[in-house]
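Observations on the three-dimensional arrangement
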Amino acid sequence: MPSLTAAIALIVVAVSCYAALCAASPLGSCHRCHGFGFRIKQNRRGRIVRGRPCRRCQGYGQRVRVGRHLYNVATRLHREGTR
């Protein structure tokens, strides 16, 4: 039983740290363009050039974290339910 209690405590600590991260920094860098907002390409000479805007983040280079998205959904649901 002590290992189960320790595992639960570790999960609670991890979730609270992630919640603090989502509160402090709700946006993370886009996984597809790595925060640049566009794809990096090479031209025929081998130079690195700017490609098209990223379709996933629409050129912003940022995305909403999963925890922040869940928080936004919960607050929107509560706000619409109590009107």
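Everything discussed here concerns the structure shown above.
Residues numbered from 1 in each chain as written. Predicted model: local features only at pLDDT ≥ 70, side-chain atom pairs only at ≥ 80, totals over all residues. Heavy atoms only, no water.

**Section: the packing of aromatic side chains**
Applying the stated criterion to the full structure yields one aromatic pair. Ring centres 6.0 Å apart and planes at 35° place the aromatic pair Phe36 and Phe38 in the tilted group. (Phe/Tyr/Trp six-rings, centres within 6.5 Å; stacked < 30°, edge-to-face > 60°.)

**Details of a positive patch on the surface**
A surface patch of positive charge is lined by Arg32, Arg39, Lys41, Arg52, Arg55 and Arg56. Mapped onto the secondary structure, Arg52 falls in strand β3 (residues 48–53). The class for Arg52 is exposed, based on a relative accessible area of 62%. (Patch = residues over 30% accessible without salt bridge, like charges linked within 9 Å, V, L, I, M, F, W, Y side chains within 5 Å. Areas by Shrake-Rupley, 256 points an atom, 1.4 Å probe, with all protein chains shown as cover. Salt bridge = Lys/Arg side-chain N within 4 Å of Asp/Glu carboxyl O. Lys, Arg positive; Asp, Glu negative; His and termini not counted. Charge placed at Lys NZ, Arg CZ, Asp CG, Glu CD. Helix = DSSP H or I, 4+ residues; strand = E, 2+ residues; numbered from the N terminus. Buried < 20%, exposed > 50% of the residue type's maximum accessible area, 1.4 Å probe, protein only.)

**Concerning the side chain of Arg65**
As for its position among the elements, Arg65 is in the loop between β4 (62–64) and α2 (66–81). Despite its burial, Arg65 pairs with no opposite charge; the closest candidate is Glu80, at 24 Å N-O. Leaving out residues up to four positions away in the same chain, Arg65 has contacts with Tyr18, Leu21, Cys22, Ser25, Pro26, Leu27 and Gly28. (Contact = heavy atoms within 4.5 Å.)

**With respect to the environment of Gly35**
Tracing the backbone shows Gly35 in the loop between β1 (27–29) and β2 (38–42). Here Gly35 falls in the partly exposed class, since its relative accessible area comes to 34%. Distance in space between the C-alpha atoms of Gly35 and Tyr60 is 7.7 Å, their sequence separation being 25 residues. When near neighbours in sequence (up to four residues on either side) are disregarded, Gly35 contacts Ser29, Cys30 and Gly61.

**Description of the pairing of β3**
Two elements, β2 and β3, share four bridges in a ladder whose sense is antiparallel. Each bridged residue has a counterpart across the sheet, and for Phe38 the counterpart in β3 is Pro53. (Pairing = 2+ DSSP bridges.)

**Notes on the state of the cysteines**
Scanning all chains against the criterion turns up zero disulfides. For Cys22, which is in no disulfide, the shortest distance to another cysteine sulfur is to Cys17 and amounts to 11 Å. Cys22 sits in the buried class, given a relative accessible area of 4%. Cys30 takes part in no disulfide bond, and the closest cysteine sulfur, belonging to Cys33, lies 3.8 Å away. For Cys30, a relative accessible area of 3% corresponds to the buried category. (Disulfide = S-S within 2.5 Å.)

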